[in-house]
Amino acid sequence: MKPYSKNVIGLLLLMGLMLPLAASGNKFFAFVLGMTFISLLWATGMNLMYGYVGLMPLMFAGVAGVAGYAMVHFTRTLGWSFWLAMPVASLLAAAVGVALGLPSLRLKGFYFTLCSLVIQTVLTLAFIFFPTYTNGDTGINQIAPPDWFGGELTGLGMDMALAVIALAGVIFCAWLVKTPLGQRFVAIREDDVLAEGLGIQVVRCKIIAFFIVSLYAGIGGCFYAAYVGFISPRAYDVLVSMNIWLFVAFGGRATIAGPIIGTAILAPIPFLLQDLQAFKDILSGVLIIVVTLMMPGGIYGAFVAWRSRQSQVASDGDKVQEQRV
Amino acid sequence: MKKTFFNPLAAAIALSAAALCTGGAQAQAGNPIKIGFVTELTGPWTFFGTSCVAGLKMATDEINKAGGVLKRPLEFIVTDNQTNSSQALAASRNLDVNDKVLALSGPTSSDVALAMYGYAEQQKLPFLVPVAAFPQLTKPGTKYTFRIEPDAAGWGYAMAKYIEQVKPGAKVALMHSDAALMRAIMAGFRYQAPRSKLTIVSDILFPQGSSDATVQAAQVRASNPDYVIVSGAGAFDNVLTNQLLDLGIKPQQIIHPYGITTQVFGWGSRSVGSIYGTFFDHGIDALTKEGKDFISRFDAANGRPPSYVENYCYVTPYIFKEAIEKAGTADDREKLRNALSALKTKEHTTGVPIEFDKNGARKEYMYFMEIQSVNGKRTYQSKQRYYIEWDPEVIPVYDLVK
Amino acid sequence: MTDAQLLILLSTLSTGLILGAIFSLVAAGVTIVYGCVWLPNASNGQFFLLAALVAWTFTASLGWSSWLAAIAVIILGIGLSYLLEWILIRRLYDTPNRNVAYFVVTLGITQIMTGVFSLTYAKWSDQFSLPPVIDGISMLGPFPIPNNRLLVMAVSLLVLVALFALLRYHPYGRALRAVFQNREAAALRGVDVRSIYRLSFVLGSTIIFLGGILFALAYSFDLTVAWTMSITAFAIMIIGGPGSVIGALVVGMTFGFTQAIVSIFASPTAATFSYLGAMLVILLFRPSGLFKR
């Protein structure tokens, strides 16, 4: 993986920020774009856990929900500003994420996934059965957008904010995986027994990972609530976790570009192909199977493999050239 | 480094997909009057959404054949919300912004309706909810949302009033599943029961996902009730009913808060003598000529008599027609909103009054029917036993159910 | 004991047995496949539902009797399992850590089936049931019980016993356990591992289909039963011990009786949380479950 030059990052930011401008003429596309940015933030967090640490956290959406409901509670009942409520709620969700993850630290692979599925189910049930905080199945509607210097942050400004947050998330993740901590994550993913033997404190690293990933989930959850204006237990249930996982797996796990590609392609689909809604489940199921069986590296992984085959051919050609000369 | 290729790619995908699906809808204020109809065509409530659309299409065809509204055709843009609130919101946004619809309508599921409610109120978009009974859809302060179906807590109230007049001082057992709709109905019933001098002798709640009720039926039987109110939703309602009947409870003792055609088929002949509440049925006494006509045409086209879901969706275009004509224009949302608020008309299938209070809640009513015979899955006969009208706030509905 | 109390006791027994038997059957089907092929079938609920829905189609649209529909569904189910194994399942037999891959693939199958049901059955009705196989009501003391329900109970229990006997005493059953314990050793002893895998998948899936039909015979159902059954089956398998049919039986029966008596002692919400809690406890402290394979 080549190091990311400042130019690339600058270009990325520029393109990302231009998109809301391009879409601002059409409120519907702006909305789809906004949802895609939120999904991108979530996908980046999921990728950190699934791609780099090697664990599939199906309770991701539940943790996002904790933050979302908390944020609404803080802004509505306590009258806080969104910009205070959001970080506090996200930290709260991160604490919950760590607490829920603690017992399953020893689990790996399928057992971890199953455990996280159960935890997600418990969270969804908690959202439904504690209506005093969450209004149960009915959900909470008319959630106010974030406050912004006396007014409300909506429209173009909100989309820009979402773009900034999403891109900040991507950049942070890109930086993190290059640090020693990030490399420890990868070591744990490959073989955590060996990692322990090499002196890596696996448990501590996993806890840090849980915390960071839950922060991603939580921040996304808060923005989702403020952006869509309506939340319910369905908005944060296991299907959402699976969808985000699919964005990552489809795009290419353990890469930075992967979640971006996956989200950019898959996230807008349910909103754009409104007439073909019925086939969305079938399509996503087929994609899951195809990706698992045939493209374990996702689209980006397949692209990289193809390119390296090309350069292999090219360098073989060069070698032949050199020999002739 | 080809890192940035995906941004234009995403935009390109988005734009071309949009071109594909909004292709035809360029015609603007041109000719047809457009109303967004966001309903459940996939997901758990598919059946209600598609039944609703069947009724809607019949009415729209009739209206347009007769010259339309203000000499323009009336067009409902039917969109699927997948029984999912985010999808409903996205669809509403799309209809509002791209198609510039005059109003919204459509949901049969309360959850979805509540999500759209937030959007409608915020965007000052008139929203006529044909089928969705949750009381909060017309909570105090509502300006743009109007609900045609009586609220669920009111159904509970009506049941208590029915029992009060048929057997004063009765002992009642409650068996219901834990869904928002059932909780609302029971909250209304529990409020009214002591005021109607009824005693609740057993109150059993089933969590979602329950399959068997034999033990609870035995408990209910042990409490010796005069009536058992059974509210299970769909398949579980049949289980509850059959298991009560197995244990010796008589069909005449069973009351269902609401029943639609397919549910009556599900109950079957064993439930002859049972009572169910409804808002439209081919067995009610007061059917207008248009009502009878609607029933026979719907039956011929769909193989079963229509219920209140289909009726409400059949009546919705007519309500819009009348309101738009009263407003005098089809391009002004405020005028439409005011016309709906001031509407004083009758449902043209039954003659029941349609009037909305200051929050958009309709003057409420309910029929209680007794099943006389069930003919397989083809048709059934019921007789009207009771009819009641009431004002939505006769009980403190917005406090009872949040 | 008063008549009313006797009624409650007998109804508890009746519900516990029938629910427990059906839960055990489905969990056994899931655990056999997991135990042998290392395939956690996340779509078991959808298979369960599929059998029930197809049986409904036969009885409602074609007018067949319930037992004819049941037999037809089983035959079709066996065929479908073979087909699925051939197209999809066998591709991962040699993958290391294939349980995660299988879990994800079956999640994909779940999505596909959900979509298909949504396009078809969901539009046709919101509730389904099968006509009873036999009519009439028998009296157990003061307790009336429909004969159809007795039949379902009897069939479920018989199948469970037969399954247990098959696995314990029949050569195929022993081969199955051998393959799971040590695939290489079993192969060395002449066991055709791949065909055992195939047979287990078909057997496990067929049991799940059977569970679906029996459930449909006893109760009215709708599409949500798939998800409920999936979670229940997994919970039973995990708590009972993955690969252990005895575990599936014991824990399945426990679940059945718990659902039956919960309304007498506790709130139904507590029951839902409690079995999830039990599952978590097992996963965290004794992942191999209560019983050995």
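A. Representation of the overall build of chain A within the structure. What chain A contains, in helices and strands, is 15 helices and two strands. Its C-alpha radius of gyration of 21 Å places chain A within 12% of the 20 Å reference for a compact globule of 325 residues. Dimensions along the principal axes, computed over C-alpha positions, put chain A at roughly 80 × 50 × 40 Å. Here chain A holds 325 residues, and 57% of them are scored as buried. Contacts in chain A between residues far apart in sequence, at least 24 positions, make up 78% of those at least 6 positions apart. Accessible area of chain A: about 13,400 Å², with a carbon and sulfur share of 68%.

B. Spotlight on the overall build of chain B. A count of helices and strands for chain B gives 13 helices and 14 strands. With the C-alpha coordinates aligned to their principal axes, the bounding extent of chain B is approximately 70 × 60 × 40 Å. Buried positions account for 65% of the 402 residues belonging to chain B. Of the roughly 13,300 Å² of accessible surface on chain B, a fraction of 53% belongs to carbon and sulfur atoms.

C. Summary view of the sheet that holds strand 8 (residues 227–231) of chain B. All names here are of chain B. Read across the open sheet, the seven strands follow the order 7-6-8-9-10-13-14; overall the sheet is mixed. If you trace the sheet from one side to the other, it starts and ends with strand 7 (199–206) and strand 14 (379–390), each paired once. Strand after strand, the sheet turns through a mean of 25 degrees between neighbouring axes, direction not considered. Note: strand 6 (residues 171–177) against strand 7, seven bridges, orientation parallel. The residue bridging alanine 173 from the neighbouring strand is serine 202, located in strand 7. On the sheet, helix 5 (residues 152–166) packs against strand 6, strand 8, strand 9 (254–256), strand 10 (275–278), strand 13 (364–375) and strand 14 and is oriented at approximately 95 degrees with respect to strand 14.

D. Broad picture of the confidence of the model for chain B. Residue and element names in this part refer to chain B. In this model, chain B carries an average pLDDT of 88, and 93% of its residues clear a pLDDT of 70 or more. Every residue in residues 1–30 is under pLDDT 50, and counting partners more than four places away or in other chains gives 34 contacts. For this predicted complex, the interface confidence score (ipTM) comes to 0.85, while the overall pTM stands at 0.85.

E. The interface of chain C and chain A, seen in detail. Each partner contributes to the interface: chain C provides 35 residues, whereas chain A provides 34 residues. Interface area, chain C with chain A, both sides summed: about 3,000 Å², of which 85% is carbon and sulfur. Sorting the residues of chain C by area buried against chain A places Gln111, Phe273 and Leu284 of chain C first, and these three jointly supply 20% of that buried surface. Counting every contact that joins chain C to chain A gives one residue pair in polar contact (both at pLDDT 80 or more). For the side of chain C that touches chain A, the secondary structure elements donating two or more residues are helix 4 (98–119), helix 10 (225–240) and helix 12 (268–285) of chain C. Each residue belonging to the side of chain C that touches chain A can be placed in one class, and the counts come to 27 nonpolar, seven polar and one charged.

F. A look at the state of the cysteines. Residue and element names in this part refer to chain A. By the definition in use, this model includes one disulfide over all chains. In this structure cysteine 173 is a free cysteine whose sulfur lies 15 Å from that of cysteine 205, the closest cysteine sulfur available. For cysteine 173, a relative accessible area of 1% gives the class buried.

G. Expanded view of unusual backbone geometry. Residue and element names in this part refer to chain B. The phi dihedral of lysine 71 is positive, around 65 degrees, even though this residue is not glycine. As for its placement among the helices and strands, lysine 71 is situated in the loop between helix 2 (46–65) and strand 2 (74–80). A residue is classified by how much of its surface remains accessible, and lysine 71, at 77% relative accessible area, is exposed. The phi angle at lysine 100 is positive, at roughly 50 degrees, despite the residue not being glycine. Position of lysine 100 relative to the elements: it lies in the loop between helix 3 (85–97) and strand 3 (103–105).

H. Summary view of the environment of phenylalanine 201 of chain C. Residue and element names in this part refer to chain C. Mapped onto the elements of the fold, phenylalanine 201 is located in helix 9 (residues 193–218). Residue classification places phenylalanine 201 among the buried residues on the basis of a relative accessible area of 2%. Through-space distance from the C-alpha of phenylalanine 201 to that of threonine 232 is 20 Å; in sequence the pair is 31 residues apart. Among residues more than four places away in sequence, those in contact with phenylalanine 201 are Val33, Leu39, Ser81, Leu84, Glu85 and Ile89.

I. Expanded view of the nonpolar core. With 351 residues, the main nonpolar core has Ile163 and Phe189 of chain B as its most contacted residues. Once you skip the residues sitting within four places of it in the chain, phenylalanine 189 of chain B turns out to touch Gly156, Tyr157, Met159, Ala160, Ile163, Val172, Leu174, Leu198, Ile200 and Ile229 of chain B.

J. Quick peek at the sheet that holds strand 1 (residues 33–39) of chain B. All names here are of chain B. Pairing within the open sheet is parallel, and its five strands lie in the order 2-1-3-4-5. Two strands in the sheet have a free side with no partner beyond their single neighbour: strand 2 and strand 5 (145–147). Direction aside, the axes of adjacent strands within the sheet are offset by 25 degrees on average. Each of strand 1 and strand 2 is contacted by helix 2, which is oriented at about 165 degrees to strand 2, the strand it contacts most.

K. Representation of the packing of aromatic side chains within the structure. One pass over the full model with this rule turns up 55 aromatic pairs over all chains. Plain terms: the ring middles of tyrosine 121 of chain C and phenylalanine 128 of chain C are 6.0 Å apart, the flat faces sit at 75 degrees to each other, and that makes the pair edge-to-face. Tyrosine 121 of chain C gets classed as buried once you look at its relative accessible area, which sits at 10%. Relative accessible area serves as the criterion here: at 1%, phenylalanine 128 of chain C is assigned to the buried category. What links up through ring pairs into an aromatic cluster is the set Trp155, Tyr258, Phe279, Tyr308, Tyr312, Tyr365, Tyr367 and Tyr387 of chain B. Taking NZ or CZ as reference, arginine 195 of chain B lies 3.7 Å from the ring centre of tyrosine 191 of chain B, over its face. Here the guanidinium or amino end of arginine 337 of chain B rests over the ring plane of tyrosine 144 of chain B, the centre of that ring lying 6.0 Å away.

L. Molecular detail of the packing of helix 1 (residues 3–37) of chain C against helix 6 (residues 147–169) of chain C. Residue and element names in this part refer to chain C. At a minimum axis distance of 9 Å, the contact between helix 1 and helix 6 shows a crossing angle of 35 degrees. Both helix 1 and helix 6 take part in a crossing whose hand is left-handed. Contacts between helix 1 and helix 6 pair Ser14, Thr15, Leu17, Ile18, Ala21, Ile22, Ser24, Leu25, Ala28 and Ile32 from the former with Arg149, Val152, Met153, Ser156, Leu157, Val159, Leu160, Leu163 and Leu167 from the latter. Here the residues of the contact of helix 1 with helix 6 sort into 14 nonpolar, four polar and one charged.

M. Examining the pattern of salt bridges more closely. Residues and elements named next belong to chain B. In this structure the tally under the stated criterion is 24 salt bridges over all chains. One salt bridge connects arginine 147 with glutamate 364, and the closest N-O pair in it is separated by 3.5 Å. Taken together, the positions of arginine 147 in strand 5 and glutamate 364 in strand 13 put the pair 217 residues apart, joining distant regions of the chain. The pair formed by arginine 147 and glutamate 364 is uniform in burial state, with each residue classed as buried. Close ionic contact of arginine 190 with aspartate 203 constitutes a salt bridge, the shortest N to O distance being 2.8 Å. Highlighted residues: arginine 190 in helix 6 (residues 180–195) and aspartate 203 in strand 7, separated in sequence by 13 residues. Judged by relative accessible area, aspartate 203 falls into the partly exposed class, the value being 39%.

N. Local environment of the confidence of the model for chain A. Looking at chain A, the pLDDT average stands at 84 and 90% of residues meet or exceed 70. The element-level mean pLDDT for chain A is lowest in helix 1 (residues 6–23) of chain A, coming to 71, with helix 3 (residues 60–77) of chain A highest at 93.

O. Examining the pairing of strand 2 of chain B more closely. Residue and element names in this part refer to chain B. Among the seven residues of strand 2, five are classified as buried, and the element is accordingly described as predominantly covered. Pairing of strand 1 with strand 2 involves seven bridges; the strand directions are parallel. Its bridge partner being in strand 2, isoleucine 33 is matched across the sheet by leucine 74. Crossover handedness for the path strand 1 to helix 2 to strand 2: right-handed.

Definitions and cut-offs
- Residues numbered from 1 in each chain as written.
- Chains lettered and ligands numbered in written order.
- Predicted model: local features only at pLDDT ≥ 70, side-chain atom pairs only at ≥ 80, totals over all residues.
- Heavy atoms only, no water.
- Helix = DSSP H or I, 4+ residues; strand = E, 2+ residues; numbered from the N terminus.
- Rg over C-alpha atoms; globule rule 2.2 N^0.38 Å.
- Buried < 20%, exposed > 50% of the residue type's maximum accessible area, 1.4 Å probe, protein only.
- Contact = heavy atoms within 4.5 Å.
- Areas by Shrake-Rupley, 256 points an atom, 1.4 Å probe, with all protein chains shown as cover.
- Pairing = 2+ DSSP bridges.
- Axes fitted to C-alpha atoms, helices over the stretch in contact; angles between N-to-C directions.
- pLDDT = per-residue confidence, 0-100.
- Buried area = accessible area lost by both parts, 1.4 Å probe.
- Polar contact = N/O pair within 3.5 Å; in protein donor to acceptor, adjacent residues only side chain to side chain.
- Nonpolar A, V, L, I, M, F, W, Y, C, P; charged D, E, K, R; others polar.
- Disulfide = S-S within 2.5 Å.
- Core = buried A, V, L, I, M, F, W, Y, C linked by side-chain atoms within 4.5 Å.
- Phe/Tyr/Trp six-rings, centres within 6.5 Å; stacked < 30°, edge-to-face > 60°.
- Lys NZ or Arg CZ within 6 Å of the ring centre and 35° of its normal.
- Left-handed = near helix turned anticlockwise from the far one by under 90°.
- Salt bridge = Lys/Arg side-chain N within 4 Å of Asp/Glu carboxyl O.
- Right-handed = clockwise from strand over helix to strand, strands pointing away.

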